[in-house]
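# Topology and contacts: notes
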Amino acid sequence: MAVKHPAAPAARADRTAPRSRRARGEWVTHAALILSVLIIGAPLILAVIKSTQTSSVVLSPSLLPGGAFFQNLSGVWQDANLGRYMLNSLVVAVCVTAGKTTLALLAALAFVYFRFPLKGAAFTLVLLSLMLPTEVLIIALFDLVSRDLNWANTYAAIIVPFLASATGTFLFRQHFLSIPGSLADAARIDGCGPLLYLTRILIPMSTNTIGALAVIQFVYAWDQYIWPLVIMQQDDRQVVQVGLRRLIEVGGQTDWGAVMAGAVITALPPLIVFTALQRQFSRGFALSEDK
Amino acid sequence: MLSPARSRPAPDDAGSAVFRGRALPWAFLLPSLLILAVFIYLPALQTLRLAAYRANVILGTEQFVGLANFAELLSSPAYRQVALQTLVFTVLTVTFGLLLSLGLAWLARRPVRGASTYRLLLIYPYALSPAIAGTLWLFLFNPEIGLVNQLLGELFGVRPRWLDTPALAFGLVTLAAIWKGLAYNIVFYLASIQNLPRDVMEAAEIDGATPAQVFWRVAFPLLSPITFFLVFTNIIAALFDSFALTDILTRGGPYTGNAGVTTFLVYQLYQDGFVNFRTGAAAAQAVMMLALVAFVTWMQFRVGERRVHYGS
């Protein structure tokens, strides 16, 4: 079973038999974990290796890393528009993440610190939107955005429809409810308005939740595929996920070294965001799990 | 976090009213509500309307047909096959995906040396998009130049046509979807396992329960709320996130019976809406998927409240 307190075995050093069994169990755990990590990581590890090989080696079974990563990358970065796709995706993901966080904070502020008619109805309306994924709305959304709003091939088309966040509103609301109400009372008595309270008190107290949410929302926005695929007909406005499909299609013969370099680069921004906010990510969840 | 116990809409009086103002809360809510109304609820209503019409793109005309679009879909062998394939795919990915991630999270919960590194390596693939997953698997399982076939060819002298053989293509997409979902599930299972009540677990150990008994009789029931939440999110992911994966990996093919074997509901909707320009048929499919999501959500609340053990 789990070793709950790492210090415990040392305290019972006289009992050697259980300890050696425990040590053996630990090695089995290590072996099983290493194997799992390798199997799960295999597609990505192989992609990274293949992305560094020259086009003559990439189709062979060789698994030796080469030195051609930047050569592979520069091919697709310019000729296949990858640089442009990356920029578009970055603009969209940053705007959606910032917008969703701001709007969700404001909505949670209203839901937790105000009493107003139809509050329950408004909250239900926000939550119910979780049941309406883009994929289901895509036919009508396409008509609305391209024909009625005339937004086809603009950044607005892939940013604005995604700015409201039910998950964010819900999580911030949960988090605000866990902050003692007396704090807000004291702030109000001192003449602090709701917006000031939000920016000076609530946001500094919510960094974990904001961080956790930012990871989820950045990844969600970065991964968008079906909507950009239908609404962006102009290639220089396309996002990188759909761009990957174009990389595979370029010419008759796919340059797999270049495609793998493209896939690796596409995976980088979410990985960077995830690494940077990893602490907040796990804390933000653990916190709301406890409370 | 979003465990089912707490995801019910809170009553009106949740939270005390601290700040006053009639218009102020609505001003804070306005941006969110406006976006939801224009880009979620309006298109939802519009989808309902479109489903009752047959549109002609070339002439730009619309003709009211009532429920004819639905009747056509339900009687179409191709659509029935697609629905059945989606069901099998969903059941397989959700079942095996959750079992595998629970097992891995249970393994990674142990406080061995380097535990946090293992955990990090297990949840890193969360940052890979379905489109990247499709691209990587497309290369790995390419019949001629893919590493998998080069390996199989060397060792066993076989080079399966992964993407052209219906059974293999279906299995491949299912496996890729399970792989793609692992990290997300492990994040939630790890968090829940670390929050299991220690006294209960230790009591079971002291009473002489074997590791298997501790897992199945104590931990598994205590984890049922998160399992239940994950079943729900995984069903939704299998229904919707599979689009990018299949679009890159198999393009819905290979064709068998009346439809492509990896053509699932969303892929069919996309094909009808944006390739074949059968707007009415696509809208009708959207309405049926909406009913499906509503049904799954309803099930989550109904079954969830009765059968799931919510711990202390």
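Residues numbered from 1 in each chain as written. Chains lettered and ligands numbered in written order. Predicted model: local features only at pLDDT ≥ 70, side-chain atom pairs only at ≥ 80, totals over all residues.

Regarding its fold elements, chain B presents 13 helices and four strands. Projected onto its principal axes, the C-alpha positions of chain B cover 75 × 75 × 30 Å. Residues counted as buried form 41% of the 312 residues belonging to chain B. (Helix = DSSP H or I, 4+ residues; strand = E, 2+ residues; numbered from the N terminus. Buried ≥ 20, exposed ≤ 12 C-beta atoms within 10 Å, placed from the backbone.)

Along chain A, the regular secondary structure elements total 15 helices and zero strands. Taking all 291 residues of chain A together, the buried fraction comes to 44%. Of the contacts formed within chain A by residues at least 6 apart in sequence, a portion of 76% connects residues at least 24 apart. (Contact = placed C-beta atoms within 7 Å.)

Quick look at the domain arrangement of chain A now. All names here are of chain A. Domain assignment breaks chain A into domain 1 (8–72) and domain 2 (80–290). Listed per partner, the contact involves twelve residues of domain 1 and eight residues of domain 2. Of all the secondary structure elements, the ones that give two or more residues to the side of domain 1 that touches domain 2 are α2 (16–51) and α3 (69–79). With four residues, the top contributor of residues to the side of domain 1 that touches domain 2 is α2. A class-by-class count of the residues in the side of domain 1 that touches domain 2 yields six nonpolar, five polar and one charged. (Domains from an automatic or database assignment. Nonpolar A, V, L, I, M, F, W, Y, C, P; charged D, E, K, R; others polar.)

Of the residues lining the interface, 86 residues belong to chain A; the matching set on chain B comes to 80 residues. Tallying contributions element by element places α2 of chain A first for the side of chain A that touches chain B, with 13 residues. Classifying every residue of the side of chain A that touches chain B gives 63 nonpolar, twelve polar and eleven charged.

Further remarks concern the UniProt feature "domain: ABC transmembrane type-1" (unreviewed entry) in chain B. When the UniProt feature table is mapped to this numbering, "domain: ABC transmembrane type-1" (unreviewed entry) covers residues 83–300 of chain B. For residues 83–300 of chain B, the helix share is 75%, the strand share is 2%, and the end-to-end C-alpha distance is 21 Å. (UniProt positions renumbered as here; feature names shortened; annotations may be inferred.)

Once that is clear, we can look at the UniProt feature "transmembrane region" (unreviewed entry) in chain B. All names here are of chain B. The residues that UniProt annotates with the feature "transmembrane region" (unreviewed entry) are residues 23–44, 51–71, 83–108, 120–140, 167–193, 214–240 and 282–301. Structurally, residues 83–108 comprises 100% helix and 0% strand, and the distance from its first C-alpha atom to its last is 37 Å. Summarising residues 120–140: 71% helix, 0% strand, and an end-to-end C-alpha distance of 24 Å.

It is worth spelling out the UniProt feature "transmembrane region" (unreviewed entry) in chain A at this point. Under the UniProt annotation, the feature "transmembrane region" (unreviewed entry) is placed at residues 27–49, 90–114, 121–142, 154–172, 201–222 and 256–277 of chain A. The span residues 90–114 of chain A carries 96% helix and 0% strand; its end-to-end C-alpha distance comes to 36 Å.

To continue, consider the environment of Ala 78 of chain B. All names here are of chain B. Tracing the sequence through the fold places Ala 78 in helix α3 (residues 77–108). With 14 C-beta atoms packed within 10 Å, Ala 78 lands in the partly exposed category. Taking the C-alpha atoms as reference, Ala 78 lies 8.0 Å from Gly 257; in sequence the two are 179 residues apart. Each residue touching Ala 78, except ones within four places of it in the same chain, is listed here: Asn 258 and Ala 259.

Right, let's get into unusual backbone geometry. All names here are of chain A. The phi angle at Asn 81 is positive, at roughly 70°, despite the residue not being glycine. Overall, Asn 81 belongs to the buried group, with 20 C-beta atoms counted inside 10 Å. The backbone of Asn 150 shows a phi angle near 60°, a positive value even though the residue is not glycine. Looking at the element boundaries, Asn 150 is found in the loop between α6 (134–148) and α7 (155–159).

A separate point is helix α14 (residues 256–276) of chain A. A rise of 1.5 Å per residue sets the reference length of α14 of chain A, with its 21 residues, at 30 Å; its end C-alpha atoms lie 30 Å apart and thus fit the reference within 8%. Within α14 of chain A, the axis deviates most sharply at Leu 268 of chain A, by approximately 30°, and proline Pro 269 of chain A lies no more than four positions further along. (Expected span 1.5 Å × (residues − 1). Bend = angle between axes of the 7 residues up to and from the residue.)

Residues and elements named next belong to chain B. Axis separation between helix α11 (residues 242–249) and helix α12 (residues 265–275) bottoms out at 9 Å; the angle between their running directions is 70°. Classified by the angle between their axes, α11 and α12 sit roughly perpendicular to one another. Crossing angle aside, the handedness with which α11 passes α12 is right-handed. Only Val 266, Tyr 267 and Tyr 270 of α12 make contact with α11, whose side of the interface consists of Phe 243, Thr 246 and Asp 247. Its residues assigned to classes, the contact of α11 with α12 shows four nonpolar, one polar and one charged. (Axes fitted to C-alpha atoms, helices over the stretch in contact; angles between N-to-C directions. Parallel < 35°, antiparallel > 145°, perpendicular 65-115°, else oblique. Left-handed = near helix turned anticlockwise from the far one by under 90°.)

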